[in-house]
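An overview of the molecular structure
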Amino acid sequence: MEKIKKTVPAAEEDQVSRKLLVWLNTYPELPVDLIRFEFLPADTSAMAMSTIQAAYIVRKYITGGYVAEYQFKIIYRVKPGNSNDKRLKADELLNALGDWAASETPPDIGDGRRVIRIEPTTRSSLFAVYENGDEDHQILMKMNY
């Protein structure tokens, strides 16, 4: 029997999303003006952070505290045409961002919460191809706090 995962309060998840997004936008090698939240415009290079599922509690303590897991992905939209180099560069950039996130001082996510770790759970790969030539590459990540 699978245990039902208890999600964190919505207001907490919203604050965590906001703080994480601000922190990800400090990545020094960002190839776009900013990483957006859950939105990618067509016909232009863009990046977005998207939550994969609701943040959920993975460990509860007697004191009332808990460890939660927040799963997210970073999507990079490019228009590579016939260039394998541009495709590979999109994946290389996302992998580098994942490595940076895992090795940097984690973000302050507020209200007595402390990030334990951020790590990629996959390496970057092609996620979607569109008729207009846009391609979305993504890296899946998780943050425990």
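Here goes a summary of the coordinates provided. As the structure is a prediction and not an experimental result, all values here were calculated from the model. Every residue gets a number counted from 1 within its own chain, in the order that chain's sequence is written. Since the coordinates come from a predicted model, pLDDT governs what is reported: local features require at least 70, and pairs of side-chain atoms require 80 or more to be given and counted, while whole-chain, interface and lining totals use all residues. Only hydrogens and water are set aside when side-chain values are computed; all heavy atoms of the structure are taken into account.

Examining the pattern of salt bridges
Under the convention used in this document: We define a salt bridge as a contact between a side-chain nitrogen of Lys or Arg and a carboxyl oxygen of Asp or Glu at a distance within 4 Å. Strands are runs of DSSP state E lasting at least two residues, helices are runs of H or I lasting at least four, and both sets are numbered from the N terminus onward. In this scheme, a residue with accessible area under 20% of its type's maximum is buried, one over 50% is exposed, and one in between is partly exposed, where area comes from a 1.4 Å probe on protein chains only.
All chains considered together, the criterion is met by 12 salt bridges. We note a salt bridge from E119 to K142, for which the minimum N-O separation is 3.6 Å. With E119 in strand β5 (residues 117–120) and K142 in strand β7 (residues 135–144), this residue pair connects regions lying 23 residues apart in the sequence. The exposure class of E119 is partly exposed, given its relative accessible area of 25%. Here the salt bridges share partners, and the residues they tie into one network are E69, R117, E119 and K142.

Side note on the packing of aromatic side chains
Under the convention used in this document: Ring pairs shown here join Phe, Tyr and Trp side chains whose ring centres sit within 6.5 Å, with only the six-membered ring taken for Trp; geometry is labelled stacked below 30 degrees between planes, edge-to-face above 60, and tilted in between. As a reminder, the over-ring test applies to NZ of lysine and CZ of arginine, requiring each to be within 6 Å of the ring centre and within 35 degrees of the ring normal.
Considering all chains together, one arrives at 3 aromatic pairs under this definition. Aromatic side chains W23 and W100 sit 4.7 Å apart centroid to centroid with 25 degrees between the ring planes, which places their arrangement in the stacked category. With W23 in helix α1 (residues 10–24) and W100 in helix α2 (residues 84–103), this residue pair connects regions lying 77 residues apart in the sequence. Of the residues examined, W23 reaches a relative accessible area of 10% and is grouped as buried. Classification of W100 as buried rests on a relative accessible area of 11%. Considering the side-chain rings of Y27 and W100, the 5.2 Å spacing of their centres and the 65 degrees angle between planes classify their relative orientation as edge-to-face. Here W100 lies in helix α2 and Y27 lies in the loop between α1 and β1 (35–37), a separation of 73 residues in the sequence. Three or more aromatic residues link up through ring pairs in this structure, and these residues are W23, Y27 and W100. The positively charged end of K5 is found above the aromatic ring belonging to Y56, 4.4 Å away from the centroid.

Quick word on α1
Note on helix geometry: an α-helix contains 3.6 residues per turn, so any two residues three or four positions apart are oriented the same way. Condition: The length a helix should cover is 1.5 Å for every residue beyond the first. Two residues qualify as a contact provided that any one of their heavy atoms is within 4.5 Å of a heavy atom in the partner residue.
For α1, built from 15 residues, the straight-helix expectation of 21 Å at 1.5 Å per residue is met to within 8% by its first-to-last C-alpha distance of 21 Å. Those residues of α1 hidden inside the fold are in contact with β1, β2 (46–51), β4 (66–78), α2, β5 and β7.

Some thoughts on the side chain of K73
Heads up, the condition is: For the charge count, each Lys or Arg is scored as positive and each Asp or Glu as negative, with His and the chain ends excluded. Throughout this description, a polar contact denotes any pair of N or O atoms lying within 3.5 Å of each other; where both atoms belong to protein, one of them has to be capable of donating a hydrogen while the other can accept it, and for residues adjacent in sequence the pair is counted only when both atoms sit in side chains.
Take K73: it is sitting in strand β4. For K73, which is buried and forms no salt bridge, the nearest opposite charge comes from E38, at a distance of 7.8 Å. Here the side chain of K73 touches Q138 through a polar contact of 3.2 Å, side chain to side chain. Apart from residues no more than four positions distant in its own chain, K73 is found in contact with A48, M49, S50, I52, F127, Q138, I139 and L140.

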